[in-house]
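Take a look at the letters that make up each chain.
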Amino acid sequence: MIDLGKNLSVVTRRTKSSVIRELLKLTNQPGIISFAGGLPDSSLFPSEKVADIVGDLAKKFNKAELQYGPTEGMPQLKEELVKLLEKDDGIKVKPENILITTASQQGLDLIGRGFIDPSDPILVELPSYLGGLQVFQSYGANIIGVKCDDDGILIDELEKKLDMLVEEDEHYKFIYVVPDFQNPSGVTTSQERRKKLVEFSDKYNVLVVEDSPYRQVRFEGTAPDMIYKLDHTDNVVSLFTFSKTFAPGLRLGYMVAHEEIIKKMVKLKQSLDLCTSTLNQLIAAEFLRQGYFHDHVNSMITVYKNKRDAMLHALEEYMPKGEGISWTRPEGGLFLWVRLPETLSANEMFYDAVEQKVAYVIGSAFHCDGSGTNTMRLNFSYPSVEQIDTGIKRLAEVIKKELSKKSVRV
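Residues numbered from 1 in each chain as written. Predicted model: local features only at pLDDT ≥ 70, side-chain atom pairs only at ≥ 80, totals over all residues. Heavy atoms only, no water.

(A) Seen up close, the state of the cysteines. Taken as a whole, this structure holds 0 disulfides when the rule is applied. Cys368 carries a free sulfur, and the closest cysteine sulfur to it, the one in Cys148, is 10 Å from it. Judged by relative accessible area, which is 23%, Cys368 ranks as partly exposed. (Disulfide = S-S within 2.5 Å. Buried < 20%, exposed > 50% of the residue type's maximum accessible area, 1.4 Å probe, protein only.)

Written as structure tokens, this is what we have:
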């Protein structure tokens, strides 16, 4: 066999395994309640409607659904997305502003491939989506983290870091944010901070990449405008996926951007997969056209809100009081974020938690600088309400024991 260490490309050598995927290997044991994965509740998948649509497509399109399609995406789906964007968010785009991708992860890869040269600075939230960090690392980006609070990215700190890059004459490329029910923290970026991001995109001539997988899954409160809607400079790229709002097995996403950016991304996609699954695109187009999408999302919202409430209730009931433990209270999405005292390490505690048959994702995996060792991400969309109660009770016991150990050592 060839020497892989010598012959693999730089990009391959830079690409690291997903911490979540590696940890999930440990959580696939019988009896473990896992809050680790970012999985939708599979019992909600609209399998019967999909089966009906597939049957109708086979007759209606006379095998066309099995043929290659345009790299840009099937026109039937793009037409439905134009309607969806205007109806849900008041965003008016043309089909030329949309590129269909193989889920939003491909969108992230296209952004990385299209804009990052090795050592280019990019700015991300601290914490940020692990899948984005993986892509950007693989292309050699110099990833600079900007801290967040419960209203999203800290604007003053972002401005300071942009000023620093300007002063150092660095060729920074983009700001990457997950503004709605962020993965991992569950927080939503405020309207005022979204406006500032648009202002900075103009002032500093920097792209803003808005990753929005969960926006439609809102349980309560009023949604801030999408950054794309607020933009007046054509400097915003928005990424969407059907993985969290329809079915991840379809592997469908889409990118919305200025027509010139879309043209560049299309060229890159041609070299990757030629086109996203034609059949899956037509399934999604019909799902939207027949009015199933919003009914399906509403059913998800009802179930996920109940599960989020169950997790918040369990945290209040079981977590030790007065120990500096806090958590976010997301208004939607799939995740919430737990902050432990800085004396505790969620990294070290993970293995004790698995022994007690409960799992989470370590927060440091979402920090580009390796910080956040006292944090963890919990998923509430996949486990049942009963599992949530039992699992949080187990997790609280693990934390109490760790707090007790630290107290003894002191």
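(B) Representation of the side chain of Asn97. Topologically, Asn97 is positioned in the loop between helix 5 (75–89) and strand 2 (98–101). By relative accessible area, Asn97 is classed as buried at 10%. Once residues within four sequence positions are removed from consideration, Asn97 is found in contact with Tyr228, Met255, Val256, Ala257, His258, Glu259 and Ile262. (Helix = DSSP H or I, 4+ residues; strand = E, 2+ residues; numbered from the N terminus. Contact = heavy atoms within 4.5 Å.)

(C) Quick look at the nonpolar core. Counting 97 residues, the largest nonpolar core has Phe242, Tyr254, Tyr360 and Leu378 as the members making the most contacts within it. For this core, the element with the highest residue contribution is helix 13 (residues 292–318), accounting for 11 residues. In this structure, Tyr254 is in contact with Leu81, Leu84, Leu85, Ile98, Leu99, Ile100, Thr101, Ser238, Leu239, Phe240 and Phe242, ignoring residues within four places of it in sequence. Counting 30 residues, the second largest nonpolar core, distinct from the first, contains Leu108, Leu133, Val135 and Tyr176. (Core = buried A, V, L, I, M, F, W, Y, C linked by side-chain atoms within 4.5 Å.)

(D) The arrangement of the packing of helix 5 against helix 12 (residues 278–289) in detail. For the pair helix 5 and helix 12, the least separation of the axes is 8 Å and the interaxial angle reads 40°. As judged from the angle between their axes, helix 5 and helix 12 are oblique. Where helix 5 crosses over helix 12, the handedness of that crossing is left-handed. Packed against helix 5, whose contacting residues are Gln76, Leu77, Glu80, Leu81 and Leu84, the element helix 12 presents Gln281, Leu282, Ala284, Ala285, Leu288 and Arg289 at the interface. When the residues that make up the contact of helix 5 with helix 12 are grouped by side-chain class, the tally is 7 nonpolar, 2 polar and 2 charged. (Axes fitted to C-alpha atoms, helices over the stretch in contact; angles between N-to-C directions. Parallel < 35°, antiparallel > 145°, perpendicular 65-115°, else oblique. Left-handed = near helix turned anticlockwise from the far one by under 90°. Nonpolar A, V, L, I, M, F, W, Y, C, P; charged D, E, K, R; others polar.)

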